[in-house]
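Residues per chain, in single letters:
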Amino acid sequence: MRGPRRFGVAGPSSSSAPEPDDPSPWLGRCLRSQEEVELMAGIGTAYGAVQDAVGAAARGEAYLDSPGWSAVVAAAARPAQVLVSNDHLALSKLHDAGYRWPLGDEPAASGTDGRHGAS
């Protein structure tokens, strides 16, 4: 059995970071859905296979040169799309609810009276 893997990123609490192939502790903190959790676990699994092959103490070049690195990149493609899409949806909902950034800024008068795309 292999030991825990660390990517150098602190977990939800400083006392115990979750393992990369089990990102479920991040649900509700920085992952919005079970789909995101599962996709991130896929990255952890792919990365873990490379780490097992090259060794945890290997330099970055060894990871990038590993035959398994393309699987890590492929595993990261879908989560990137899902995370951006989910973040965009959440920001859109906040905007539609009247929230503006920076907080406290009033929306600019556009002459559309809140009707985007109306002609």
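Sequence positions are assigned chain by chain, starting from 1 and proceeding in written order. The predicted origin of the model limits local features to residues at a pLDDT of at least 70 and limits the giving and counting of side-chain atom pairs to 80 or more, whereas totals for whole chains, interfaces and linings rest on all residues. With hydrogens and water excluded, all non-hydrogen atoms of the structure serve as input to the side-chain values.

## Overview of the overall build of the protein
Note the following rule: Per the convention used, a helix needs a DSSP run of H or I reaching at least four residues, while a strand needs a run of E reaching at least two, with both numbered from the N terminus. Accessible area is worked out with a 1.4 Å probe on protein chains only. A residue is then buried under 20% of its type maximum, exposed over 50%, and partly exposed in between. The criterion used for residue contact is that any of the two residues' heavy atoms lie within 4.5 Å. The method behind every accessible area is Shrake-Rupley, applied with a 1.4 Å probe, and residues are considered shielded solely by the protein chains displayed.
A count of helices and strands for the protein gives three helices and zero strands. Counting across all 119 residues of the protein, residues that qualify as buried make up 18%. Counting only contacts in the protein whose residues sit at least 6 apart along the sequence, the fraction spanning at least 24 positions is 37%. Total accessible area computed for the protein in this model is approximately 8500 Å², and 57% of it derives from carbon and sulfur atoms.

## Some remarks on the packing of helix H1 (residues 34-54) against helix H3 (residues 69-96)
Test applied: Every axis corresponds to a line fitted to the C-alpha atoms, with the helix fit spanning only the stretch in contact, and the corresponding angles, defined between N-to-C directions, vary from 0 to 180 degrees. Here the word oblique covers every angle except those under 35 degrees (roughly parallel), over 145 (roughly antiparallel) and from 65 to 115 (roughly perpendicular). Handedness of a helix crossing follows the sense of rotation of the near helix relative to the far helix, less than a right angle counterclockwise being left-handed and clockwise being right-handed. Residue classes follow a fixed rule: Ala, Val, Leu, Ile, Met, Phe, Trp, Tyr, Cys and Pro count as nonpolar, while Asp, Glu, Lys and Arg count as charged, and any other residue, Gly among them, counts as polar.
With their axes 9 Å apart at the nearest point, H1 and H3 run at an angle of 160° to one another. Taken together, the axes of H1 and H3 are roughly antiparallel relative to one another. Both H1 and H3 take part in a crossing whose hand is left-handed. Contacts from Glu35, Glu36, Leu39, Met40, Gly42, Ile43, Ala46, Tyr47 and Val50 of H1 reach H3 at Trp69, Ala71, Val72, Ala75, Ala76, Arg78, Pro79, Val82, Leu83 and Asn86. For the contact of H1 with H3, the residue count by class is 14 nonpolar, two polar and three charged.

## What about a nonpolar patch on the surface?
Condition: Patch rule: a residue counts if its relative accessible area is over 30% and it has no salt bridge; like charges are joined within 9 Å, and nonpolar side chains (Val, Leu, Ile, Met, Phe, Trp, Tyr) within 5 Å. When a carboxyl oxygen of Asp or Glu lies within 4 Å of a side-chain nitrogen of Lys or Arg, that pair is called a salt bridge.
Residues Leu91, Leu94 and Tyr99 make up a contiguous nonpolar surface patch of about 330 Å² in total accessible area. Note on placement: Leu91 falls in helix H3.

## Comments concerning the confidence of the model for the protein
For clarity, the cut-off: Along the chain, pLDDT gives the predictor's confidence residue by residue, from 0 to 100.
For the protein, per-residue confidence averages 75 on the pLDDT scale, and residues scoring 70 or more make up 65% of the total. Averaged pLDDT values for the elements of the protein fall to 89 in H3 and rise to 95 in helix H2 (residues 60-65). Counting interchain partners and residues more than four positions distant, the pLDDT-below-50 stretch residues 1-15 has 24 contacts.

## What to know about H1
What counts, and what does not: One fewer than the residue count of a helix, multiplied by 1.5 Å, yields its expected span.
Its 21 residues place the ends of H1 30 Å apart at the C-alpha level, agreeing with the 30 Å of an ideal helix rising 1.5 Å per residue. Every buried residue of H1 is accounted for by Glu36, Val37, Ala41, Ile43, Gly44, Ala46, Tyr47, Gly48, Val50 and Gln51. Buried-residue contacts for H1 involve H2 and H3. In the segment just after H1, Gly55 is the residue with positive phi, at about 95°.

## Describing the side chain of Glu36
Tracing the backbone through its elements, the reader meets Glu36 in helix H1. Apart from residues lying up to four places away in sequence, Glu36 is in contact with Cys30, Leu31, Val82, Leu83 and Asn86.

## Observations regarding the nonpolar core
Our working definition: Residues belong to one nonpolar core when they are buried, are Ala, Val, Leu, Ile, Met, Phe, Trp, Tyr or Cys, and are joined through side-chain atoms within 4.5 Å.
One finds Ala46, Tyr47, Val50, Tyr63 and Val72 forming the largest nonpolar core, which totals five residues. In terms of residues, this core owes the most to one element, H1, which gives three residues. Apart from the residues within four sequence positions on either side, Val50 is in contact with Gly55, Tyr63, Ser66, Gly68, Trp69 and Val72.

## Quick word on the side chain of Ser66
One can find Ser66 in the loop between H2 and H3. Take Ser66: its relative accessible area is 10%, and that puts it in the buried class.

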